[in-house]
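The lines below spell out each chain.
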Amino acid sequence: MNTKPITELASNIGQEVTLNGWLYNNRPSGKVQFLMLRDGSGLCQCVIEQTKVDDMLFEQLKHLGQESSLSVTGLVREEPRSPGGVELVVSDAHIHCEATDYPITPKEHGIDFLLKNRHLHLRSLRPWCIGRIRHTVIDAIRRFFNDNGFTLVDTPIFTTIAGEGEQTLFEVDYFGQPLHLAQTGQLYLESAAMSFGKVYCFGPTFRAEKSKTRRHLTEFWMVEPEVAYIDLPGLLNLAEDFVFSIVQRVLKDNRSELETLGADIASLEQIQKPFVRLTYTEVADILTSERTKTFMAEQLAQFQAEKQVLETELAEIEAAEAKGGLKKWKQEKNARRMLEIRSELVELEVKIENNPKHARLAADFQWGKDLGGSDETIISLMHDRPVFVTHYPKAAKAFYMKSDRTNDTVVENFDLLAPAGFGEIIGGSVREDDYEHLLARIRKEGYNPDSYQWYLDLRKYGSVPHGGFGLGVERTVAWITGEKHIRQCIAYPRMMDKVYL
Ligand code: 4AD
């Protein structure tokens with residue numbers, strides 16, 4: 001038996017092959033059936049002509065339920081209209097497990113239902129495309145660091161000290177000793193960087209963040225590089241090359257998935273170096289400027305115009321449906337489009353409602369505050385390439401960030417905002433490398449210096465300028481795929497209010 005994955009069919013035209021997979025859907029049409037099979041690598045149209053297979057098998061396949069597992073054997077034929085440009089002319093099939101009443105059908109399901117059925121939903125086209133892109137992103141991340149002289153250091157998940165503020169720690173009872181789940185591997189990486197020079201860690205990260213936004217998970221994956229002898233411009237260049245390399249890899253390896261998802265490929269192609277570099281103070285000035293006021297008003301007008309266009313299209317489709325007499329394929333097409341329009345309208349309503357609130361928050365922005373999600377969205381909407389925001393106020397940022405020695409009110413840090421309104425995907429900084437300065441910051445935060453003794457030690461024995469950053473995988477995947485909520489960008493999401501399975 002010549003078993004092949006669907007992705008290899010194009011190089012097997014004229015050959016007889018066997019595919020192992022699951023029934024995606026079936027369109028019987030008289031004496032022919034068009035069965036769509038998925039095998040994990042892709043989708044293939046399998047043509048079953050009544051004259052070419054056993055009568056009983058023909059009938060059995062006709063009534064086979066969605067997601068039944070089966071193997072099909074047949075001849076690979078060129079067919080430009082089929083996914084992958086080929087189809088299989090079936091001569092035989094073997095059914096392994098008949099599925100009846102598969103709960104996830106092509107009709108619309110609510111997000112709650114889909115997450116409750118995530119174990120099955122992962123087989124659907126959208127999660128599959130996102131999962132493939134996530135895989136590429138992770139591979140590109142590892143490749144970038146491995147190819148650029150970094151050593152992987154696995155930092156612990158049970159940790160003794162807080163990196164990112166005590167309010168988002170998950171405490172665990174570690175044989176009677178209170179420990180917490182890693183919020184970051186950074187502090188450990190700083191010690192490893194003094195051994196290997198350039199290091200990175202990559203693993204699950206936990207934040208007891210009381211936040212239900214589309215950008216927050218309680219368990220997410222973060223990659224963190226840390227480099228000895230680096231300054232802020234060097235860090236920005238590293239982050240720029242890194243993000244650029246990820247986008248290029250996805251564009252190269254996952255174009256068809258991006259197309260299926262309706263991702264904005266043209267915008268991804270526009271991502272070029274150098275990225276925009278702004279200081280926090282410049283961002284504060286932009287937010288409170290007339291330019292932003294006008295920009296927000298234009299945005300609102302654009303949302304309202306888009307809403308009108310969609311409402312008109314919806315009314316036209318509804319009228320055509322009410323009139324009746326439409327072919328089945330047209331009815332199905334209309335049903336799909338109506339679903340899309342309704343969900344786009346819901347999103348537009350939210351944008352229209354939020355716009356004045358966000359405009360007000362921006363206009364009232366006070367120097368000294370951390371940037372809020374809506375502020376980041378505005379700045380990133382104003383740019384078509386990623387934006388670095390550097391030099392935040394010291395009081396708004398973590399204790400380990402090095403204060404700017406020319407202006408003690410700010411730190412040598414940066415966030416990277418993805419373009420087109422997505423917002424932050426990276427946070428990083430140069431680290432405080434002076435013992436006394438760091439001790440003072442630890443005390444000021446109200447932390448116990450004894451718990452940070454080993455971390456302080458690094459500033460006693462051969463301290464050097466060093467820094468690094470963390471990139472959130474799910475946020476990066478959401479940005480690249482255009483997925484609205486990061487819960488769709490991990491197989492089994494963990495959120496503040498719900499853990500489904
Ligand atoms: O800005 P953050 O908190 O930075 C750190 O943890 C540093 N210690 C990293 C470092 O310098 N080594 O988080 C970094 C990134 C964010 O930009 C975001 O992409 C992601 O991690 N992130 C989250 N992703 C999903 N859900 C959450 N609750 C997240 N919190 C942070």
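Placed above this text is the structure.
About the thresholds
Residues numbered from 1 in each chain as written. Predicted model: local features only at pLDDT ≥ 70, side-chain atom pairs only at ≥ 80, totals over all residues. Heavy atoms only, no water. Axes fitted to C-alpha atoms, helices over the stretch in contact; angles between N-to-C directions. Helix = DSSP H or I, 4+ residues; strand = E, 2+ residues; numbered from the N terminus. Parallel < 35°, antiparallel > 145°, perpendicular 65-115°, else oblique. Contact = heavy atoms within 4.5 Å. Nonpolar A, V, L, I, M, F, W, Y, C, P; charged D, E, K, R; others polar. Near = heavy atom within 4 Å. Polar contact = N/O pair within 3.5 Å; in protein donor to acceptor, adjacent residues only side chain to side chain. Areas by Shrake-Rupley, 256 points an atom, 1.4 Å probe, with all protein chains shown as cover. Pairing = 2+ DSSP bridges. 1 Å grid on protein atoms, 1.4 Å probe; cavity = no way out; pocket = protein on both sides within 12 Å on 5 of 7 lines; lining within 4 Å. Points joined across faces, edges and corners; volume = space filled by probe spheres on them. Domains from an automatic or database assignment. Core = buried A, V, L, I, M, F, W, Y, C linked by side-chain atoms within 4.5 Å. Buried < 20%, exposed > 50% of the residue type's maximum accessible area, 1.4 Å probe, protein only. Patch = residues over 30% accessible without salt bridge, like charges linked within 9 Å, V, L, I, M, F, W, Y side chains within 5 Å. Salt bridge = Lys/Arg side-chain N within 4 Å of Asp/Glu carboxyl O. Lys, Arg positive; Asp, Glu negative; His and termini not counted. Charge placed at Lys NZ, Arg CZ, Asp CG, Glu CD. Phe/Tyr/Trp six-rings, centres within 6.5 Å; stacked < 30°, edge-to-face > 60°. Lys NZ or Arg CZ within 6 Å of the ring centre and 35° of its normal.

A. Here's a closer look at the packing of helix H9 (residues 280-287) against helix H12 (residues 373-381). It is the contact of H9 with H12, at a shortest axis distance of 11 Å, that shows an interaxial angle of 90 degrees. Accordingly, the angle class assigned to the pair H9 and H12 is roughly perpendicular. Two secondary-structure elements touch here, H9 through Val283, Ile286 and Leu287 and H12 through Asp375, Ile378 and Ile379. Looking at the contact of H9 with H12 residue by residue, the classes come out as five nonpolar, no polar and one charged.

B. Expanded view of the site of the ligand. As a matter of local geometry, the ligand sits amid 24 residues, with Glu164, Gln186, Arg207, Glu224 and Glu424 nearest to it. In this structure, a nitrogen atom belonging to the ligand sits 2.7 Å away from a side-chain N or O atom of Glu164. With the chains in place, 94% of the 630 Å² that the ligand exposes on its own is no longer accessible. At the level of elements, strand S11 (219-228), strand S17 (423-430) and strand S18 (466-472) are the ones that each hand at least two residues to the shell around the ligand. Element by element, the count of residues in the shell around the ligand is highest for S17, at five residues. Taken together, the residues of the shell around the ligand sort by class into eight nonpolar, eight polar and eight charged.

C. Up close: the sheet that holds S11. Across the sheet, eight strands lie side by side as S6-S10-S11-S18-S17-S16-S13-S12; this open sheet has mixed pairing. Either end of the sheet is taken by a strand with one partner, and the two such strands are strand S6 (151-152) and strand S12 (276-279). The strands touched by helix H5 (residues 186-196) within the sheet are S6, strand S10 (198-206), S11 and S18, with S11 carrying the most contacts at an inclination of about 35 degrees. Packing of H9 onto the sheet brings it into contact with S12 and strand S13 (387-390), and relative to S12 it is tilted by some 85 degrees.

D. Representation of empty space enclosed by the protein. Applying the stated criterion across every chain yields a total of three cavities of 30 Å³ or more. In this structure, the largest cavity encloses a volume near 80 Å³. Taken together, Tyr24, Arg38, Gly40, Gly42, Leu43, Arg123, Ser124, Leu125 and Trp128 make up the lining of the largest cavity. The class makeup of the residues in the lining of the largest cavity is four nonpolar, three polar and two charged. Here the lining of the largest cavity spans two domains, and each of domain 1 (6-97) and domain 2 (119-288 + 365-489) adds at least three residues to it.

E. How the structure looks around the nonpolar core. Within the largest apolar cluster, 57 residues are counted, with the highest numbers of intra-cluster contacts made by Ile141, Phe242, Val243, Trp479 and Ile480. Once residues within four sequence positions are removed from consideration, Val243 is found in contact with Phe275, Leu416, Ile425, Ile426, Leu471 and Trp479. Leu37, Cys46, Ile48 and Leu64 belong to the second-largest nonpolar core, a separate cluster that totals 23 residues.

F. Region of the structure containing the side chain of Asn26. Considering the arrangement of structural elements, one finds Asn26 in strand S1 (residues 16-29). For Asn26, a relative accessible area of 19% gives the class buried. Here the side chain of Asn26 touches Gln33 through a polar contact of 2.9 Å, side chain to side chain. A polar side-chain atom of Asn26 sits 3.0 Å from the main-chain carbonyl oxygen of Leu61. Not counting chain neighbours up to four residues away, the residues in contact with Asn26 comprise Gln33, Phe34, Leu35, Leu61 and Lys62.

G. Structural view of the sheet that holds strand S5 (residues 86-97). With mixed pairing, five strands are arranged side by side around a closed barrel as S1-S2-S3-S5-S4. For this sheet, the mean angle separating the axes of adjacent strands, direction not counted, is 55 degrees. As defined by bridge partners, strand S2 (residues 32-38) adjoins strand S3 (residues 43-49) across seven bridges and the pair is classed as antiparallel. Residue Leu37 lies in a different strand from S3, and its bridge partner there is Cys44.

H. View of a negative patch on the surface. A surface patch of negative charge is lined by Glu16, Asp54, Asp55 and Asp92. Within the fold, Glu16 resides in strand S1.

I. Quick look at the packing of aromatic side chains. Scanning the entire structure with this criterion turns up 22 aromatic pairs. Judged by centre distance (4.7 Å) and plane angle (35 degrees), the ring pair of Phe145 and Phe242 falls under tilted. One end of the pair, Phe145, is in helix H4 (residues 125-147); the other, Phe242, is in helix H6 (residues 232-253), with 97 residues separating them in the sequence. For the pair Phe145 and Phe242, a shared accessibility class is recorded, and that class is buried. Aromatic rings pair up to connect Phe144, Phe145, Phe150, Tyr200, Phe242, Phe275, Phe388, Phe414 and Phe469 into one cluster. The ring of Phe422 has Arg214 lying over it, and the distance from NZ or CZ to the ring centre is 5.6 Å. Seen from the ring of Tyr392, Lys397 lies directly overhead, with NZ or CZ sitting 4.5 Å from the centre.

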